[in-house]
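# Close look at the chain arrangement
Letter by letter, the chains look like this.
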Amino acid sequence: MRIFLVAPKSTLGHVPDEVQDILNSGLQVTGSLLGDVTYTEFLREIRRQSADVLWMACHGGSDGWQFVGGMVTGAALAALIRGRFTFVYLNTCQSLLPAQILQNEGHVDIVCTVKNVDDLGAYSTGSLMAAALAESGDFREAYERSKPANNTDYLYLSGTQNRFLAPKATIG
């Protein structure tokens, strides 16, 4: 499973730990943006990526995700990911509303958060997700294996994967 990893610099102390665990998991990280990531850098790099999963570990909320210089909205990210990824892992706080935009407009399966998640809990879940994904190669199975017990933090959204890329029927 090929991963494009995005982890802009933040005050979240365990994001570097999550990044390290992803890198050590056995997943194929085909690209990464770490540290002082601007929207412009993100836009340019995401267009070059050929990966199965967009993995974001950063500050987020109902308005979108925090990058240097501002937020990236769900609508903006949906246009960027459409046709480029099959899955998106959003290890950010309160990402349900923009994740639904990605699900509907980006045509991808998504794991997102439904409320604020403490930094240590987010790290633990992300680390377990990376290990389970590397072992199984199945995004849904990895979610089921990594979500917290009595889960009220993470949600799996099934997208309409690549329906716009399906071959057109011929009328004969």
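Everything discussed here concerns the structure shown above.
Residues numbered from 1 in each chain as written. Predicted model: local features only at pLDDT ≥ 70, side-chain atom pairs only at ≥ 80, totals over all residues. Heavy atoms only, no water.

### Some points on the overall build of the protein chain
Along the backbone of the protein chain there are six helices and nine strands. In terms of overall dimensions, the protein chain has a C-alpha envelope of 60 × 35 × 30 Å along the principal axes. Across the 172 residues in the protein chain, those meeting the buried criterion constitute 44%. Here the protein chain has roughly 8200 Å² of accessible surface; of this, 49% comes from carbon and sulfur atoms. Charged side chains of the protein chain number 13 positive and 17 negative; the gap between the two group centres comes to 10 Å. (Helix = DSSP H or I, 4+ residues; strand = E, 2+ residues; numbered from the N terminus. Buried < 20%, exposed > 50% of the residue type's maximum accessible area, 1.4 Å probe, protein only. Areas by Shrake-Rupley, 256 points an atom, 1.4 Å probe, with all protein chains shown as cover. Lys, Arg positive; Asp, Glu negative; His and termini not counted. Charge placed at Lys NZ, Arg CZ, Asp CG, Glu CD.)

### A few points about the packing of aromatic side chains
If you walk through the whole model with that rule in mind, you get six aromatic pairs. For the ring pair F42 and F67, a centre distance of 4.8 Å and an interplane angle of 35° mean the geometry is tilted. Of this pair, F42 sits in helix α2 (residues 39-48) while F67 sits in strand β5 (residues 64-67); the two residues are 25 residues apart in sequence, bridging distant segments of the chain. Owing to a relative accessible area of 0%, F42 belongs among the buried residues under this scheme. For F67, a relative accessible area of 3% puts it in the buried group. On the basis of an interplanar angle of 25° and a centroid distance of 4.5 Å, the ring pair of F87 and F139 is categorised as stacked. (Phe/Tyr/Trp six-rings, centres within 6.5 Å; stacked < 30°, edge-to-face > 60°.)

Such coordinate-based values are descriptive only and should not be taken to indicate function.
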